[in-house]
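# Structural overview
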Amino acid sequence: MDEKTEGQLRVIREVVAVLQTDDIPAWLFGGWGLDARIGRITREHGDVEFWVERIHAERSKALLVGAGATALPTQPPEESCEFTWDDVSFSTAYFDRWPDGSFSQPLGRFADWLFPPGSFGDELVTLDGTPVLAMSVSGMLAMKEQFPHLRNGRPWRQKDITDMEILRGLAFAETTDGRIGAP
């Protein structure tokens, strides 16, 4: 494992531990979220991304800064916050829950992004020996599939196309016998 990956795993453990002290759940998504769902590291990642419910946005930011992270003024504060911690980049993006069980990010550039019920469950998965929350397979797949069609979306990159293929396979495995990665 290279130094960058080790640093990102350390930051994942630190963010999870800091937020757990105040009962704030944070769900990995993006490449690290997919790796957590798969249960192993599949590739190098550019950053670490967490979803946090908007009602915890300010408190989570204060806790992370108090623990040693540096908040960067790079993102619209109603959408997310980017941080560095010991030269490792990570972010927290904010979502809202809706009465029908779905989720969205109604404020900012991605107000048209919708996530299905079950996207943010309480099932822990294990990433490099650390129990973490990760956005559901169906939630991550919905994110990826919608992205180029959003008002402020961009075209899929090759890694997005590959991730969608993997997520579709995981979704199929979940529907055939209820276990991820089952034969």
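Keep in mind that what you see is a predicted model, and the values were worked out from it rather than measured.

### A look at the overall build of the protein chain
Looking only at helices and strands, the protein chain features five helices and nine strands. Since a compact globule built from 183 residues should have a radius of gyration of about 16 Å, the 16 Å found for the protein chain is in line with a globular shape. When its C-alpha atoms are laid out on the principal axes, the protein chain stretches across 45 × 40 × 30 Å. Here the protein chain holds 183 residues, and 44% of them are scored as buried. Taking all contacts inside the protein chain whose residues are at least 6 apart in sequence as the whole, residues at least 24 apart take part in 55%. Total accessible area computed for the protein chain in this model is approximately 9,200 Å², and 54% of it derives from carbon and sulfur atoms. In the protein chain, the 18 positive side-chain charges and the 29 negative ones have mean positions that sit 3 Å from each other.

### A closer look at the packing of aromatic side chains
Aromatic rings considered in pairs are described by the distance between their centres and by the relative angle of their planes. Following the criterion strictly, the structure yields 17 aromatic pairs and no others. Taking the centre distance of 6.3 Å and the plane angle of 70° together, the rings of W51 and W113 count as edge-to-face. Of this pair, W51 sits in strand β2 (residues 48-53) while W113 sits in the loop between β6 (103-104) and β7 (114-115), and the two are 62 residues apart along the sequence. Across the pair, exposure class does not vary: W51 and W113 are buried alike. Geometrically, the ring pair formed by F95 and F120 is stacked, given 3.9 Å between the ring centres and 0° between the ring planes. Here F95, found in strand β5 (residues 88-97), pairs with F120, found in the loop between β7 and β8 (124-127); they are 25 residues apart in sequence, far enough to count as distant. By relative accessible area, F95 is classed as buried at 0%. An aromatic cluster is defined as three or more aromatic residues linked by ring pairs; in this entry it consists of W27, F29, W51, F95, F103, F110, W113, F115, F120 and F147.

### Looking at the nonpolar core
Within the largest apolar cluster, 28 residues are counted, with the highest numbers of intra-cluster contacts made by I12, L28, F50, L64 and F90. Looking at this core, the elements with two or more residues in it are α1 (3-20), α2 (30-38), β2, α3 (57-67), β4 (80-85), β5, β8 and β9 (130-134). At seven residues, the largest contribution of residues to this core is made by α1. Ignoring any residue separated from it by four or fewer positions in sequence, one finds F50 in contact with I12, V15, V16, A26, W27, L28, F29, F90, S91, T92 and A93. Ranked by size, the runner-up nonpolar core spans 22 residues in total, among them F29, F103, F115 and V137.

### Looking at the packing of α1 against α3
Relative to each other, α1 and α3 sit at 120°, their axes nearing to 10 Å. When the interaxial angle is binned, α1 and α3 end up oblique. Pair α1 / α3 crosses with right-handed handedness. Within the contact between the two elements, α1 uses V15, V18 and L19 and α3 uses S60, L63, L64 and A67.

Procedures and definitions
Residues numbered from 1 in each chain as written. Predicted model: local features only at pLDDT ≥ 70, side-chain atom pairs only at ≥ 80, totals over all residues. Heavy atoms only, no water. Helix = DSSP H or I, 4+ residues; strand = E, 2+ residues; numbered from the N terminus. Rg over C-alpha atoms; globule rule 2.2 N^0.38 Å. Buried < 20%, exposed > 50% of the residue type's maximum accessible area, 1.4 Å probe, protein only. Contact = heavy atoms within 4.5 Å. Areas by Shrake-Rupley, 256 points an atom, 1.4 Å probe, with all protein chains shown as cover. Lys, Arg positive; Asp, Glu negative; His and termini not counted. Charge placed at Lys NZ, Arg CZ, Asp CG, Glu CD. Phe/Tyr/Trp six-rings, centres within 6.5 Å; stacked < 30°, edge-to-face > 60°. Core = buried A, V, L, I, M, F, W, Y, C linked by side-chain atoms within 4.5 Å. Axes fitted to C-alpha atoms, helices over the stretch in contact; angles between N-to-C directions. Parallel < 35°, antiparallel > 145°, perpendicular 65-115°, else oblique. Left-handed = near helix turned anticlockwise from the far one by under 90°.

The quantities given are spatial measurements derived from coordinates; they are silent on function.
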